[in-house]
Amino acid sequence: MAGDVQRLQYLEAMGLGAWASRYRLPNARPTPQCEWDMPAQPDTTPNHGARLQALLDDVAAPAAPSTSPAREPAPAPEKGPADKPAGSRARALLLGEAASETPSEAAPAAPASETTGQAPREALRYAVQVAALDGRWLLLLPEAQAPDPRMRQLLVNLLRTAGIEAATEPAFQSFQWPLVDNAPVAAPLDEARDGLRAYLNGQARRGWRPERLMVFGEDETLTTVLAVDEAHSETLDLPCWRLPSLATLMTSADAKRALWPRLVAWRNAWNGSGDAS
């Protein structure tokens, strides 16, 4: 049920119409009307970027049940001007640019091929495990599954060897893009970057204030999304260390030896002193 709620929230925030009961089946009983506790009215000032970030931050919140009874058959709505592609609307929501409409008011998006005159494009796909070390260092593992206990212990041992004593061990969360399959895509790379930034901005409500990025492992798509150039991620505007995967560090003595000198840079960066390059 939580997964269904999350999916419907994503669809609504991105301006994609979910199914809704438009007609009552013959001989069906009317939907009973109930008294529901209505949520407080939101601020009338549109802020779609913050809204989607709140959804990403709190996907487990239950959706408010509908208070509308089943409606009688209604004529088909008139066709209006084609909306911009859903992918573009998602980018506008993520960046807070769509100030003139809310997702509930927007009509279902037409396919990208109809609105732009171009063939539909394929979304970039990647999965990543995300953690924040005391909210300061962002740890990314380009993996579909969270690291097993041995890998997590290896990471903790490396940090302790570098003199980094975090208040809590890093707890990894899964993030994957796209959020919704088969949605029209206008700008695959831009939308993938916007999605990652929105997710991380949502985590700021939990105290994440990343100062540095550590990427354990290689993934071509994620590397493109992060736009790492000269040890700096342009997408996240953070200094970045690209490191071997935890699986490689577990099985390769050479990888451990090569990493050893970098632990000094870790300690300097964590303590805010010396050369952290």
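Please refer to the structure placed before this passage.
This is a predicted model, so every value here is computed, not measured. (Residues numbered from 1 in each chain as written. Predicted model: local features only at pLDDT ≥ 70, side-chain atom pairs only at ≥ 80, totals over all residues. Heavy atoms only, no water.)

Caption draft 1: View of the overall build of the protein. Summing up its helical and strand segments, the protein has ten helices and six strands in all. Burial status across the protein gives 38% buried among its 277 residues. Carbon and sulfur atoms make up 51% of the accessible area of the protein, which totals about 16400 Å². (Helix = DSSP H or I, 4+ residues; strand = E, 2+ residues; numbered from the N terminus. Buried < 20%, exposed > 50% of the residue type's maximum accessible area, 1.4 Å probe, protein only. Areas by Shrake-Rupley, 256 points an atom, 1.4 Å probe, with all protein chains shown as cover.)

Caption draft 2: Structural context of the environment of glutamine 173. By the element assignment, glutamine 173 lies in strand S3 (residues 173–177). Residues glutamine 173 and alanine 132, 41 residues apart in the sequence, show an inter-C-alpha distance of 9.7 Å. Aside from chain neighbours lying at most four places away, what touches glutamine 173 is Val128, Gln129, Val130, Tyr199, Gln203, Arg206 and Trp208. Reaching out from glutamine 173, the side chain makes a polar contact with the side chain of tyrosine 199 at a distance of 2.9 Å. (Contact = heavy atoms within 4.5 Å. Polar contact = N/O pair within 3.5 Å; in protein donor to acceptor, adjacent residues only side chain to side chain.)

Caption draft 3: Local environment of a negative patch on the surface. A cluster of acidic side chains, namely Asp229, Glu230, Glu234 and Asp237, defines a negative patch on the protein surface. Position of aspartate 229 among the secondary structure elements: in the loop between helix H7 (220–226) and strand S5 (232–233). (Patch = residues over 30% accessible without salt bridge, like charges linked within 9 Å, V, L, I, M, F, W, Y side chains within 5 Å. Salt bridge = Lys/Arg side-chain N within 4 Å of Asp/Glu carboxyl O. Lys, Arg positive; Asp, Glu negative; His and termini not counted. Charge placed at Lys NZ, Arg CZ, Asp CG, Glu CD.)

Caption draft 4: Region of the structure containing the environment of aspartate 219. Of note, aspartate 219 is situated in the loop between strand S4 (212–216) and H7. Given a relative accessible area of 27%, aspartate 219 falls into the partly exposed group. Taking the C-alpha atoms as reference, aspartate 219 lies 9.2 Å from leucine 141; in sequence the two are 78 residues apart. Residues in contact with aspartate 219, not counting those within four places in the same chain, are Tyr126 and Pro142. A polar atom in the side chain of aspartate 219 sits 2.8 Å from the backbone nitrogen of leucine 222.

Caption draft 5: Examining the packing of aromatic side chains more closely. Summed over all chains, the structure comprises five aromatic pairs. With centroids separated by 5.5 Å and ring planes inclined at 80 degrees, the aromatic side chains of tryptophan 137 and tryptophan 241 adopt a geometry described as edge-to-face. Remark: tryptophan 241 occurs in strand S6 (residues 238–243) and tryptophan 137 occurs in strand S2 (residues 137–141); sequence separation between them is 104 residues. Pair check on accessibility: tryptophan 137 and tryptophan 241 agree, each one buried. When the ring of tryptophan 241 is compared with that of tryptophan 266, the centres are 6.2 Å apart and the planes differ by 25 degrees; the resulting orientation is stacked. Here tryptophan 266 lies in helix H10 (residues 262–271) and tryptophan 241 lies in strand S6, a separation of 25 residues in the sequence. Owing to a relative accessible area of 4%, tryptophan 241 belongs among the buried residues under this scheme. The buried category is assigned to tryptophan 266, whose relative accessible area is 0%. The ring of tryptophan 270 has arginine 136 sitting right over it, with the charged end atom 4.0 Å from the ring centre. (Phe/Tyr/Trp six-rings, centres within 6.5 Å; stacked < 30°, edge-to-face > 60°. Lys NZ or Arg CZ within 6 Å of the ring centre and 35° of its normal.)

Caption draft 6: Focus on the sheet that holds S5. Taken in spatial order, the six strands of this open sheet run S3-S1-S2-S4-S6-S5, and their pairing is mixed. Edge strands, defined here as strands with exactly one partner in the open sheet, are S3 and S5. Pairing of S2 with S4 involves four bridges; the strand directions are parallel. Bridging from a neighbouring strand, leucine 138 pairs with leucine 213 of S4. Along the sheet, helix H6 (residues 188–203) contacts strand S1 (126–133), S2 and S3; its crossing angle with S3, the most-contacted strand, is approximately 155 degrees. (Pairing = 2+ DSSP bridges. Axes fitted to C-alpha atoms, helices over the stretch in contact; angles between N-to-C directions.)

Caption draft 7: Local environment of the nonpolar core. Within the largest apolar cluster, 25 residues are counted, with the highest numbers of intra-cluster contacts made by Trp137, Ile164, Met214, Phe216, Trp241, Leu249 and Trp266. Mapped by element, the contributors of at least two residues to this core are S1, S2, helix H5 (149–161), S4, S6, helix H8 (246–251), helix H9 (253–259) and H10. Setting aside residues no more than four positions away along its own chain, isoleucine 164 makes contact with Leu133, Trp137, Leu159, Trp266 and Trp270. In terms of nonpolar packing, the next biggest core, distinct from the first, is built from 23 residues, Val128, Ala132, Trp208 and Leu222 among them. (Core = buried A, V, L, I, M, F, W, Y, C linked by side-chain atoms within 4.5 Å.)

Caption draft 8: Structural view of the pattern of salt bridges. With the rule as written, the count across this model stands at six salt bridges. Here arginine 125 and glutamate 122 are joined by a salt bridge, their closest N and O atoms 3.7 Å apart. Ionic pairing is found between arginine 197 and aspartate 194, a salt bridge with its closest N-O pair at 2.7 Å. On the criterion of helical spacing, the pair formed by arginine 197 and aspartate 194 is a turn pair, its members being three residues apart in helix H6. Note on arginine 197: relative accessible area 29%, which makes it partly exposed. Relative accessible area serves as the criterion here: at 3%, aspartate 194 is assigned to the buried category. Because the salt bridges share partners, they merge into one network encompassing Glu122, Arg125 and Asp181.

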